[in-house]
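Here is how the chains run, residue by residue.
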Amino acid sequence: MAAVRDALAYAEESLGIRRLLLRDELRTSGQDLLLEELGSLTTLSRSGQTAMRKRLAAYLERIERDDDALPFRFYPFRAEWSADKPIVIDPRISFGRPTVAGSGVSTGAPVDRIDAGESVEALPWDYGLEIVQIEDAILYERGA
């Protein structure tokens, strides 16, 4: 309840919004009160921190940079993978096509074979991968 009071106080004092709880732009994430404005969400329960910063930070953590701080490798993000990085996009490997991390195997290769009728269980031996890695490749290809 204290967080709601803090959000109401912030909205009134800093944003000049009265009667916040009656606004159509009010949203909640289950933990925070959010205000939708101009396509972005502002977290009212944390003194106006923009909610998109957290999401952007999660994506930026999945980019590896070289010694000159230039990006050279990207691990695509999926909620199912959370902190895991099973798929990598690296221009130095497979001409930048998505590959199963640590293998150099294109994510499309096992998916093409599955589409041709082979089973998931038949593929790991051919590629030197675990079944979970084949499943991650399928998940990436089907969601991409």
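These numbers come from a predicted model, not from an experiment.

Colleague: Just give me the short version of unusual backbone geometry, but keep the residues and values in it.
Modeller: The phi dihedral of Ser94 falls on the positive side, at around 55°, and the residue is not glycine. Looking at the secondary structure, you find Ser94 in the loop between strand 7 (87-88) and strand 8 (99-100). The partly exposed category is assigned to Ser94, whose relative accessible area is 21%. If you check the backbone angles, Phe95 has positive phi at about 55° while not being a glycine. Topologically, Phe95 is positioned in the loop between strand 7 and strand 8. The exposure class of Phe95 is exposed, given its relative accessible area of 77%.

Colleague: Tell me about the nonpolar core, residues and numbers included.
Modeller: In terms of nonpolar packing, the biggest core is built from 11 residues, these being Ile87, Val100, Val105, Val111, Val120, Leu123, Leu129, Ile134, Ala137, Ile138 and Tyr140. Considering each element in turn, this core owes the most residues, 4 residues, to helix 5 (residues 131-143). Once residues lying within four places of it in the same chain are set aside, the contact partners of Val100 are Pro86, Ile87, Val105, Thr107, Leu129, Gln133 and Ala137. Among the nonpolar cores identified, the runner-up in size contains 9 residues, and Ala7, Tyr10, Ala11 and Leu44 belong to it.

Colleague: Now, about the pattern of salt bridges: what can you tell me, with residues and values included?
Modeller: Inspection of the entire model under this criterion finds 7 salt bridges. Taking the shortest distance from any N to any O, the salt bridge between Arg73 and Glu64 comes out at 2.7 Å. One salt bridge connects Arg113 with Asp126, and the closest N-O pair in it is separated by 2.6 Å. Here Arg113 is found in helix 3 (residues 108-115), whereas its partner Asp126 is found in helix 4 (residues 124-127), with 13 residues between them in sequence. Within the structure, one salt-bridge network assembled from shared partners comprises Glu64, Arg73, Asp90 and Arg92.

Colleague: Can you lay out the packing of helix 3 against helix 5 for me, pointing to particular residues and giving the numbers?
Modeller: To characterise two packed helices, one gives the angle between the axes of the helices and the distance between these axes. Here helix 3 crosses helix 5 at 85°, and the two axes come no closer than 8 Å. Here helix 5 runs roughly perpendicular to helix 3, going by the angle between their axes. Counting all contacts with helix 3, which are made through Gly108, Pro110, Val111, Ile114 and Asp115, the residues of helix 5 involved are Ile134, Ala137, Ile138, Glu141 and Arg142. Across the contact of helix 3 with helix 5, the residue classes tally to 6 nonpolar, 1 polar and 3 charged.

Rules behind the numbers
- Residues numbered from 1 in each chain as written.
- Predicted model: local features only at pLDDT ≥ 70, side-chain atom pairs only at ≥ 80, totals over all residues.
- Heavy atoms only, no water.
- Helix = DSSP H or I, 4+ residues; strand = E, 2+ residues; numbered from the N terminus.
- Buried < 20%, exposed > 50% of the residue type's maximum accessible area, 1.4 Å probe, protein only.
- Core = buried A, V, L, I, M, F, W, Y, C linked by side-chain atoms within 4.5 Å.
- Contact = heavy atoms within 4.5 Å.
- Salt bridge = Lys/Arg side-chain N within 4 Å of Asp/Glu carboxyl O.
- Axes fitted to C-alpha atoms, helices over the stretch in contact; angles between N-to-C directions.
- Parallel < 35°, antiparallel > 145°, perpendicular 65-115°, else oblique.
- Nonpolar A, V, L, I, M, F, W, Y, C, P; charged D, E, K, R; others polar.

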